[in-house]
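Single-letter residue listing:
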Amino acid sequence: MLKSLVYMYRLRFAETIIYMLQATEYDVKAYLRWLWRVKDFEKVSYRRSLIKTRRSSMLLLAIKLGMLVQFAVAIAWASLAIKNKEPAGIFAVDLFLSTPLVWSHLVVLPLVLARWFWVQPLNRVDVGRSKKSFQKHRAIKIAVAGSYGKTTMKEILLVVLAEGTKVAATPANKNVAISHAQFAKQLEGDEDILIVEFGEGAPGDVAGFAQTVKPDIGIITGLAPAHLDKYKTLQRAGEDIFSLAQYLDDKNVYVNGESEALKSFIKPGHQLYDGRQAAGWAIKAVKSSINGLSFEMTKDGKNLKIKSQLIGEHQIGPLALAAALADKLGLTKEQIEKGISKVESFEHRMQPRQVDGACIIDDTYNGNIDGMLAGLKLLKSLPAKRRIYVTPGLVDQGAESAKIHRRLGEAIAGSDADLVVLMKHSVTDDIVAGIKQGKFKGELKIEEDPLNFYTNLDQFVATGDLVVLQNDWPDNYN
Amino acid sequence: MRTVAIIFGGRSTEHDVSIITAIASVIKPLELAKQYKVEAVYIAKDGSWYWDDKLKDIQLYQSGEIDEFMRRAAKVHLLFDNGLTLVKSSQFAGRKMYKKIDIVFPAMHGTHGEDGELMGLLEMANVPYVGCDFRASTVAMDKVLAKQVTQASGIKSPSYIWFRSDQLSKPNEPLNRIKDLKYPLFVKPAHLGSSIGISRVEKESELMNALEVAVHYDDKVIIEEAVPNLIEVTLPIMGNDELRPALLEHPLTKPKDFFDFDTKYIGGGKKGGSKGKKGAQGYSEIPAKLPKELYDKAEKTALDVYRALGCSGIARVDLLIDNKAGEVYFNEVNPLPGGLYAHNWRKAGVSNVDLVTKLVTLAEQKWQAKQKLTTSFSTSYLKQF
């Protein structure tokens with residue numbers, strides 16, 4: 001306790017503050033919520049540490065200088081008060097003690113001011129320009145929206161469509177208005193297809209993006225609790241995501257049929273994709289192994305033989321939809337099959353790795369219940385000497401968190417895992433309750449130090465083990 | 001939480017190998033298991049004992065700072081108080097630190113450790129310890145005794161003779177006996193592991209030199225015939241009554257090479273080479289590619305050796321196979337294999353963490369079984385005096 005209190009009066013505290021800002025992507029509200037929740041600032045920077053950028057370095061310098069000046073003034077005032085025997089000198093102690101409190105709050109002021117008077121006006125200009133740019137562009141525009149699975153869907157489409165068309169897509173998981181604007185600036189004008197990821201953050205976001213990008217095709221990948229601080233309910237999040245379908249008059253809309261939460265939003269004009277069908281194509285002869293997937297697709301006498309490096313049967317739907325869209329957009333059978341075979345696993349998304357003969361499936365970027373259930377299904381389906389499942393649970397699940405984590409626990413119990421390692425967090429008890437309810441027969445471990453476990457994973461596994469690692473718990477949720 | 005003391009280092013030519021075994025293969029996974037409080041007990045080359053958390057850091061030894069550490073640190077005393085307690089002066093106010101040890105994990109190789117001496121001490125303290133007891137360790141670490149015991153159980157060994165180092169001052173008698181053996185021969189110190197002091201002798205003129213090398217390290221020397229059409233294999237085994245073999249491992253050396261210290265720990269398995277990175281982990285065929293019948297025969301022989309010598313906890317049995325004749329010969333036993341042969345156990349499906357925790361459990365089971373034995377017997381003998 002004393003140690004963590006003393007830490008707040010060290011200059012390293014300034015780095016912790018800036019790290020917290022950076023980890024929340026300079027979102028003032030999220031930062032303040034985290035700041036008021038933290039009990040021990042020394043342990044805040046756990047998984048990562050401050051990345052020195054121009055913005056973070058300037059803020060760090062400002063806060064360090066501010067703290068030093070306040071310390072110096074307090075000490076000078078206290079010295080003078082002692083010398084002159086002034087009782088008011090007691091306020092110098094207050095001034096000294098309040099330094100971390102003052103500067104951890106004051107640091108948001110330049111951010112707020114810059115956002116109001118600089119960033120937002122500039123962004124508005126850029127977004128306005130991008131609206132015109134998208135409107136003028138001759139390419140077919142595909143919008144990908146959903147609480148999860150957007151980036152994977154977009155990357156699959158990008159690789160497959162690139163076999164026969166000139167295609168561009170928003171980079172990584174950049175999916176907000178300003179990212180779309182920057183993407184529009186970089187376009188060459190002769191692209192055949194543009195793929196734009198729509199991130200949902202607050203009510204009206206997706207509808208706004210649709211007005212700007214003006215997509216021709218919409219893909220809705222899934223619905224799960226996320227950003228519930230803004231949406232409040234899953235229903236409202238779903239309504240925002242389906243505003244993409246509304247924009248398209250419910251035509252050329254493709255919806256993931258495996259996402260339970262999406263089902264109540266599906267309308268007759270929407271086309272589904274899942275493990276059995278995709279936009280009218282029938283899927284059969286599915287083979288799934290640790291080396292990838294293979295299946296056949298047929299429609300109106302056409303036949304596609306799909307072989308992919310991606311693992312997990314939940315990937316069949318997105319792969320099949322990419323193949324179906326590629327066919328619709330004029331790619332040949334050879335181009336489609338070749339394109340699909342080129343799709344490599346994405347970093348930290350069902351990414352297989354070998355450690356001392358053990359197969360590790362790194363799915364630590366998975367942050368939704370549907371994805372977790374898919375991972376557990378995969379764990380159960382693949383052959384292994386010993387099955388190990390590792391997770392901290394899910395963040396940002398709102399009021400449904402306890403229910404979702406008990407459901408996760410029950411699914412874990414039914415996964416035939418020999419060993420389950422839960423990274424200790426606020427949701428652990430709910431997962432354990434579900435595991436007990438599911439009458440889990442294997443060994444259960446609660447790991448207090450997740451980072452240490454991940455770092456030394458090689459010490460816990462042996463040849464023949466299959467390990468599924470799902471989700472990671474960001475520092476700002478501790 | 002129970003306390004496990006890892007004892008390593010020691011007055012042995014394999015002192016450095018022991019440090020690596022202790023830090024990389026025992027302390028690290030045991031700490032990760034989070035079931036025990038792990039204490040590092042280091043025995044220096046002069047036989048002094050030290051106990052400190054700093055001793056868990058490999059950098060201390062690699063940088064040479066261990067000498068400075070030993071100059072400053074208080075030596076450890078042992079207290080036998082119906083168990084084992086480590087005692088260390090705290091350097092302040094004459095106070096002493098005590099640490100009761102629940103289980104000992106010896107991580108020592110070679111003399112004054114692996115050979116049963118340490119295990120004898122631990123038996124006296126009546127504390128559970130990992131691995132073979134002092135009887136099995138003593139026999140296993142004497143290549144001559146081990147062959148005599150296993151031969152009595154019907155297990156084959158290559159033809160051999162042995163003699164004490166003092167007999168070398170009058171070499172005629174041992175040299176005459178050697179004439180009964182067929183060249184090439186192997187000359188080995190009887191008590192050392194890690195292949196230290198071993199020479200391969202192709203002809204009689206090389207013999208004296210090889211003998212001098214061997215007696216430089218040991219007072220007992222064994223000379224044995226080389227096995228023709230040789231496939232050298234080794235099998236780590238764990239267990240007390242119920243045995244679990246790992247996988248038969250075939251070290252990949254050139255036909256005329258043998259498994260000497262450099263080949264094992266420095267050359268990365270390529271004799272004379274320096275490209276290997278993982279010492280005993282990067283140059284073996286696991287499992288050994290043998291016909292199933294021969295693999296099974298070798299595995300059975302190794303298990304028979306383990307039982308014949310009364311091994312418990314863990315040991316590694318080395319075998320020599322005449323590939324053409326299909327004969328399996330016992331070579332030697334390591335009661336505490338370097339690095340616990342964790343690389344082989346991992347291939348066999350046992351993780352590092354599981355390996356050390358299983359060994360600790362086996363140690364406790366062995367100790368509990370021993371507690372049931374009666375150690376006192378009432379007589380009127382004293383009253384007669």
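Rules used throughout
Residues numbered from 1 in each chain as written. Chains lettered and ligands numbered in written order. Predicted model: local features only at pLDDT ≥ 70, side-chain atom pairs only at ≥ 80, totals over all residues. Domains from an automatic or database assignment. Contact = placed C-beta atoms within 7 Å. Nonpolar A, V, L, I, M, F, W, Y, C, P; charged D, E, K, R; others polar. Pairing = 2+ DSSP bridges. Helix = DSSP H or I, 4+ residues; strand = E, 2+ residues; numbered from the N terminus. Axes fitted to C-alpha atoms, helices over the stretch in contact; angles between N-to-C directions. Parallel < 35°, antiparallel > 145°, perpendicular 65-115°, else oblique. Buried ≥ 20, exposed ≤ 12 C-beta atoms within 10 Å, placed from the backbone. Arc of directions from axis to C-beta.

> Where do I start with the domain arrangement of chain B in this structure?
Interfaces are often sized by the amount of accessible area the parts lose when they come together. Residues and elements named next belong to chain B. Taken domain by domain, chain B comprises domain 1 (2–130) and domain 2 (159–226). Taking the mean C-alpha position of each, domain 1 and domain 2 sit 35 Å from one another. Listed as interface residues are eight residues of domain 1 and, on the opposing side, six residues of domain 2. Residues belonging to the side of domain 1 that touches domain 2 are distributed by class as follows: one nonpolar, four polar and three charged.

> Please clarify how the interface of chain A and chain B should be interpreted in this entry.
Every contact between the two is made by eleven residues of chain A and, on the other side, ten residues of chain B. Within the side of chain A that touches chain B, the residues separate by chemical class into three nonpolar, five polar and three charged.

> Help me out: how do you make sense of the sheet that holds strand β3 (residues 49–51) of chain B in this one?
In a beta sheet, neighbouring strands pair by backbone hydrogen bonds and run either parallel or antiparallel. Residues and elements named next belong to chain B. Sheet architecture is open: four strands sit in the order β3-β2-β1-β7, paired in mixed fashion. The open sheet has two edge strands with one neighbour each: β3 and β7 (103–106). When the angles between neighbouring strand axes are averaged without regard to direction, this sheet yields 25 degrees. The pairing of strand β1 (residues 2–9) with strand β2 (residues 36–43) spans eight bridges and is classified as parallel. Of the residues in β2, the one forming a bridge with Gly9 is Ile43.

> Quick question: what am I supposed to make of the packing of helix α1 (residues 15–33) of chain B against helix α12 (residues 352–371) of chain B here?
To characterise two packed helices, one gives the angle between the axes of the helices and the distance between these axes. All names here are of chain B. Orientation of α1 relative to α12, taken along the N-to-C sense of each, is 90 degrees, at an axis distance of 8 Å. By the criterion of interaxial angle, the relationship of α1 to α12 is roughly perpendicular. Side by side, α1 and α12 meet where Ser25, Val26, Pro29, Leu30, Leu32 and Ala33 of the first sit next to Asn352, Val353, Val356 and Thr357 of the second. Of the residues assigned to the contact of α1 with α12, the class counts are seven nonpolar, three polar and no charged.

> Is there a simple way to explain helix α4 (residues 117–125) of chain B in this structure?
An α-helical segment advances 3.6 residues per turn. Residues three or four places apart therefore align on the same side. Residue and element names in this part refer to chain B. Every buried residue belonging to α4 is among Leu118, Met119 and Leu122, and all of these are buried. The buried residues of α4 occupy one face: seen down the axis, they fall within an arc of 95 degrees. Looking one or two residues beyond α4, the residue adopting positive phi is Asn126, at roughly 55 degrees.

> Can you help me understand helix α6 (residues 143–152) of chain B in this one?
Residues and elements named next belong to chain B. The complete set of buried residues in α6 reads Lys143, Ala146, Lys147 and Thr150. What you see down the axis of α6 is that its buried residues fit within an arc of 95 degrees, all on one side. Tucked into the core, α6 has its buried residues touching α5 (134–140), β8 (160–164), β9 (185–189), β11 (220–225), α10 (292–308) and β17 (327–334). Looking one or two residues past α6, Gly154 carries a phi angle of roughly 85 degrees, positive in sign.

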